[in-house]
Amino acid sequence: MASSERIFVQAIRRYCAGHGIAVDVRAGGWLIAMRRGEERRFAFGYDIGLNSAIAHRLANDKSATAEALALEHVPGIPHDLFLNPKLGAQIVGPGWHEAMLALLAQNPQGVVVKPNEGTSGRSVFRVTTEAELDHAVGEVFSMSVGLVISPYVEIEEEVRVVLLDDVPLVVYSKQRGRDWRHNLDAGAKPVLLEDGEARSACVKLAIDAASAIGIAFASIDVVRVDGDWRVLEINSGVMMEALGKLHPELVQATYDAALDRVFGGN
């Protein structure tokens with residue numbers, strides 16, 4: 001097993017080795033084919049193949065997730081969608097820049113501009129002025145067909161809940177470093193959350209969020225703002241690289257449970 005492989009790939013290799021499942025790793029580990037007899041399953045990126053296509057697409061779209069949560073009255077952080085003007089006036093429509101400026105004016109503490117589809121904290125900008133907004137929009141639109149703008153909020157705590165069929169397998173907080181973001185790729189550290197009121201509240205909210213979009217296996221980020229918990233985003237691909245370096249047995253057990261579901265528990 002190559003030590004340079006992602007923990008996700010290593011976990012799948014271990015599971016398959018113990019269950020008589022052949023593994024074919026392609027595209028640098030981003031596509032994994034698993035075969036047992038005539039049964040073949042795929043993992044792609046960090047998606048293990050348990051979620052429906054529509055649940056996967058909703059989770060990968062920050063704006064769609066926010067709208068779906070609002071429909072079910074699940075508290076979340078708003079994400080207003082703006083499509084890249086390069087797509088054409090008939091698709092994008094008029095007044096998109098004025099609408100962005102209006103959101104900035106409504107949020108004097110600033111707004112956050114980021115791609116509509118996840119980038120692990122990259123190309124995420126906090127802006128407070130029109131000049132900063134235009135720079136951020138230009139940067140995101142240079143590499144994305146859509147962006148979202150959300151109000152900047154002071155996050156008191158961020159917690160990730162990994163759910164499988166509404167069962168919390170992993171719950172940890174992200175201890176922020178010097179960066180204002182709580183992304184693990186930006187230096188935040190995962191710390192397992194002990195049983196208590198905060199953990200229970202986060203798990204309940206995560207279950208409500210998963211139910212709102214009908215997703216089976218996901219990691220759900222919830223944040224505490226002004227003392228209240230809200231959903232920040234839902235991730236269909238369950239990435240636990242940082243956690244795996246600290247708690248490899250827990251991460252392996254989590255992927256094992258998901259793969260049991262993929263292969264019918266055998």
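Residues numbered from 1 in each chain as written. Predicted model: local features only at pLDDT ≥ 70, side-chain atom pairs only at ≥ 80, totals over all residues. Heavy atoms only, no water.

1. Considering the side chain of E5
Within the secondary structure, E5 is located in the segment before α1 (7-18). Under the relative-accessibility criterion, E5 is labelled buried at 18%. Engagement of the side chain of E5 in a polar contact is seen with the side chain of R13, the distance being 2.9 Å. In this structure, E5 is in contact with Q10 and R13, ignoring residues within four places of it in sequence. (Helix = DSSP H or I, 4+ residues; strand = E, 2+ residues; numbered from the N terminus. Buried < 20%, exposed > 50% of the residue type's maximum accessible area, 1.4 Å probe, protein only. Polar contact = N/O pair within 3.5 Å; in protein donor to acceptor, adjacent residues only side chain to side chain. Contact = heavy atoms within 4.5 Å.)

2. A word on unusual backbone geometry
Located in the positive-phi region is A27, a residue other than glycine, with phi close to 50°. By the element assignment, A27 lies in the loop between β1 (22-26) and β2 (31-36). Given a relative accessible area of 59%, A27 falls into the exposed group.

3. So, helix α3 (residues 62-71)
K62, S63, T65, A66, A68 and L69 are the residues of α3 that are buried. Tucked into the core, α3 has its buried residues touching α2 (53-60), β4 (80-83), β5 (111-115), β7 (146-151), α7 (197-213) and β12 (228-235). The opening residue of α3, the one whose side-chain oxygen lies 3.1 Å from the backbone nitrogen of S63, is D61. The first or second residue beyond α3 is H73, which carries a positive phi of 60°.

4. Concerning the packing of aromatic side chains
Centre distance and the angle of the planes are the two values used to describe a pair of aromatic rings. In total, this model carries five aromatic pairs according to the counting rule given. A ring pair is formed by Y15 and F263, whose centres lie 6.4 Å apart and whose planes are at 25°; its orientation type is stacked. Taken together, the residues span a long stretch of sequence, with Y15 in helix α1 and F263 in the segment after α9 (248-262) at a distance of 248 residues. Relative accessible area serves as the criterion here: at 2%, F263 is assigned to the buried category. (Phe/Tyr/Trp six-rings, centres within 6.5 Å; stacked < 30°, edge-to-face > 60°.)

5. Notes on helix α5 (residues 96-106)
Of the residues making up α5, those classed as buried are M100, L103 and L104. Projected down its long axis, α5 shows its buried positions confined to an angular sector of 100°, all on one face. Away from its buried face, by an angle of more than 90 degrees, α5 presents the exposed residues E98, A105 and Q106. Against β4, β5, β6 (125-127), α6 (130-141) and β7 lie the buried residues of α5. (Arc of directions from axis to C-beta.)

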